[in-house]
Amino acid sequence: MRIPEDKVKQAWSRAEGKCENYDRHPSPKKLQWENRGRKDDIGWDVSVIEPDDAITPSNLRILCWPCLRRVRKPY
Ligand SMILES: [Zn+2]
């Protein structure tokens, strides 16, 4: 699924550059924009919460790679 870049940027600024899986990170895990797509501990990408819904910033979640690989669905 292709996620428009401007939506990713909006979700990123809402998340303030942190992984949004707060349960897993009691203290905020800071990410770097340029590390998007990396498949290691400092990498991150955006996850669609409800794939059937429209792609809006509120339907996106910024996740670090270790969190993302747990939730990623096969699409
Ligand atoms: Zn995380």
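So, how was this worked out
Residues numbered from 1 in each chain as written. Predicted model: local features only at pLDDT ≥ 70, side-chain atom pairs only at ≥ 80, totals over all residues. Helix = DSSP H or I, 4+ residues; strand = E, 2+ residues; numbered from the N terminus. Rg over C-alpha atoms; globule rule 2.2 N^0.38 Å. Buried ≥ 20, exposed ≤ 12 C-beta atoms within 10 Å, placed from the backbone. Contact = placed C-beta atoms within 7 Å. Pairing = 2+ DSSP bridges. Core = buried A, V, L, I, M, F, W, Y, C linked by C-beta atoms within 7 Å. pLDDT = per-residue confidence, 0-100.

A.B. asks: It is not clear to me how the overall build of the chain should be interpreted in this structure. Could you clarify?
C.D. replies: Within the chain, the secondary structure is distributed over 2 helices and 2 strands. N-terminal to C-terminal, the α/β element order of the chain is α-β-β-α. Computed over the C-alpha atoms, the radius of gyration of the chain is 11 Å, within 12% of the 11 Å expected from 2.2 N^0.38 for a compact globule of 75 residues. Burial statistics for the chain: of 75 residues in total, 21% are counted as buried. Partitioning the contacts of the chain with sequence separation of at least 6, the portion at a separation of at least 24 is 49%.

A.B. asks: I would appreciate a short explanation of the pairing of strand S1 (residues 44-48) in the present structure.
C.D. replies: For a regular strand, the rule is simple: side chains alternate between the two faces of the sheet. For S1, the buried fraction is high: 4 of the 5 residues fall into the buried class. Of the pairings in the sheet, the one linking S1 to strand S2 (residues 60-64) comprises 5 bridges and is antiparallel in character. Residue Val-48 lies in a different strand from S2, and its bridge partner there is Leu-60.

A.B. asks: Would you explain the pairing of S2 in this entry?
C.D. replies: Within S2, 5 of the 5 residues are buried, which leaves it mostly tucked inside the rest of the structure. Side-chain alternation along S2 places Leu-60, Ile-62 and Cys-64 on one buried face and Arg-61 and Leu-63 on a second face that is also buried.

A.B. asks: What exactly am I supposed to notice about the nonpolar core here?
C.D. replies: Within soluble globular proteins, side chains that are nonpolar tend to cluster in buried spots. By size, the foremost hydrophobic cluster in this structure holds 11 residues: Ala-11, Cys-19, Leu-31, Trp-44, Val-46, Leu-60, Ile-62, Leu-63, Cys-64, Trp-65 and Cys-67. The set of elements that each furnish at least two residues to this core consists of S1, S2 and helix H2 (65-71). Of the residues forming this core, the biggest block, 4 residues, is contributed by S2. When residues no more than four places from it in sequence are discounted, the contact partners of Cys-19 are His-25, Lys-29, Leu-31, Trp-44, Ile-62, Leu-63, Cys-64 and Cys-67.

A.B. asks: Is there a simple way to explain unusual backbone geometry in this structure?
C.D. replies: Excluding glycine, a negative phi dihedral is what most residues carry, and trans is how most peptide bonds are arranged. In the Ramachandran plot, Glu-16 falls in the positive-phi region, its phi being about 55° despite a non-glycine side chain. Among the secondary structure elements, Glu-16 is positioned in the loop between helix H1 (5-15) and S1.

A.B. asks: Help me out: how do you make sense of the confidence of the model for the chain in this one?
C.D. replies: In regions of low pLDDT, the predicted coordinates are not meant to be interpreted in detail. Of all residues in the chain, 93% have pLDDT values of 70 or greater, and the mean over the chain is 92. For the chain, H2 is the element with the lowest average pLDDT, namely 91, and H1 is the one with the highest, namely 97.

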